[in-house]
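Structural overview
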Amino acid sequence: MMDIGVVIFDDVEELDFVGPWEVWNMVNEVKKYRGEDEPFRMHLLSPTGGEVRAVKGLRVLTDAAISDVEKLDIICIPGGAGTRPLMKDRVFIDWLKNIAPTCQWVTSVCTGAFPISKAGLADGKNLTTHWAAFEEFKEAGLAGELVPYVRYVRDGNLLTSAGVSAGIDMALWLTGQIFTPQFARDVQRAMQYDPAPPYAGDV
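This structure is a prediction, so every number in the text was calculated from the model and none was measured. (Residues numbered from 1 in each chain as written. Predicted model: local features only at pLDDT ≥ 70, side-chain atom pairs only at ≥ 80, totals over all residues. Heavy atoms only, no water.)

It is worth spelling out a nonpolar patch on the surface at this point. On the surface, a nonpolar cluster with roughly 210 Å² of combined accessible area is contributed by Leu15, Val18 and Leu58. Residue position: leucine 58 is located in the loop between β3 (51-53) and β4 (59-61). (Patch = residues over 30% accessible without salt bridge, like charges linked within 9 Å, V, L, I, M, F, W, Y side chains within 5 Å. Areas by Shrake-Rupley, 256 points an atom, 1.4 Å probe, with all protein chains shown as cover. Salt bridge = Lys/Arg side-chain N within 4 Å of Asp/Glu carboxyl O. Helix = DSSP H or I, 4+ residues; strand = E, 2+ residues; numbered from the N terminus.)

The full count for this structure, using the stated rule, is 6 aromatic pairs. Measuring from centroid to centroid gives 6.0 Å for tryptophan 105 and tryptophan 173, while their planes differ by 85°, and the two rings are edge-to-face. Linking tryptophan 105 in strand β7 (residues 105-109) with tryptophan 173 in helix α6 (residues 166-178), this pair joins segments that are 68 residues apart in sequence. You can call tryptophan 173 partly exposed: its relative accessible area is 21%. Pairwise contacts between aromatic rings join Phe40, Phe179 and Phe183 into one cluster. Geometry around phenylalanine 183 places lysine 31 over its ring, the cationic atom sitting 4.7 Å from the centre. Sitting above the plane of the phenylalanine 114 ring, arginine 84 keeps its charged end 5.1 Å from the centroid. (Phe/Tyr/Trp six-rings, centres within 6.5 Å; stacked < 30°, edge-to-face > 60°. Buried < 20%, exposed > 50% of the residue type's maximum accessible area, 1.4 Å probe, protein only. Lys NZ or Arg CZ within 6 Å of the ring centre and 35° of its normal.)

Viewed as axis vectors pointing N to C, α6 and helix α7 (residues 181-191) meet at an angle of 140°, and their least axial separation amounts to 7 Å. The angle between the axes of α6 and α7 places the two elements in the oblique class. Residues Ile168, Leu172, Thr175 and Gly176 of α6 touch α7, and the partners they reach there are Pro181, Phe183, Ala184, Val187, Gln188 and Met191. Each residue belonging to the contact of α6 with α7 can be placed in one class, and the counts come to 7 nonpolar, 3 polar and no charged. (Axes fitted to C-alpha atoms, helices over the stretch in contact; angles between N-to-C directions. Parallel < 35°, antiparallel > 145°, perpendicular 65-115°, else oblique. Contact = heavy atoms within 4.5 Å. Nonpolar A, V, L, I, M, F, W, Y, C, P; charged D, E, K, R; others polar.)

Here we come to the pattern of salt bridges. Here the structure, examined in full by the defined rule, presents 12 salt bridges. For aspartate 73, the salt bridge is made with lysine 71, and the minimal N-O distance between the two is 3.7 Å. With a relative accessible area of 9%, aspartate 73 lands in the buried category. A salt bridge links aspartate 94 to arginine 90; the shortest N-O distance between them is 3.4 Å. With aspartate 94 and arginine 90 both in helix α3 (residues 90-99) and 4 residues apart, the pair spans about one turn of that helix. Residue class for aspartate 94 comes out partly exposed when judged on its relative accessible area of 32%.

Pasting the structure below:
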């Protein structure tokens, strides 16, 4: 069984963490429906544990504080306004540096790439974030080569995704790597995730 830690914090963007959380929990649901063992053990973490207030007002109870966890197979850092103070949290950045080597995959959504880079995990690597945060990322002097116009970027075991809904695509892609692309399609179908926005087109 793989341990997946999704780390949230005050002013986290809701869909940034709920999207991957839904995908990876749906993996368990599909496996269970087929009479197979659940492959993922999910952990919702925060810097101090307890309740987190997301950026649009959603209040969420976490399972544990980051200090309670010493090893993960997959870590996911979502984005949101709260990533800026998180980059200044020495305890969090040190924990991220220490736990990353235990992970098979280090992932982020949106501006979750900011603390990932601050912790030195993107040095010399390609990554992405929300299109509107590219300039801020560069002005902050963060390491890593930003790749525009993509939903997600894989460089080694670092897997970063663009803004908000892109985290769903990232988590589905990773599901296809861990299992098979066909299984990832089955999870996508179980979620009824088949994007067809009513006002699609160039922005």
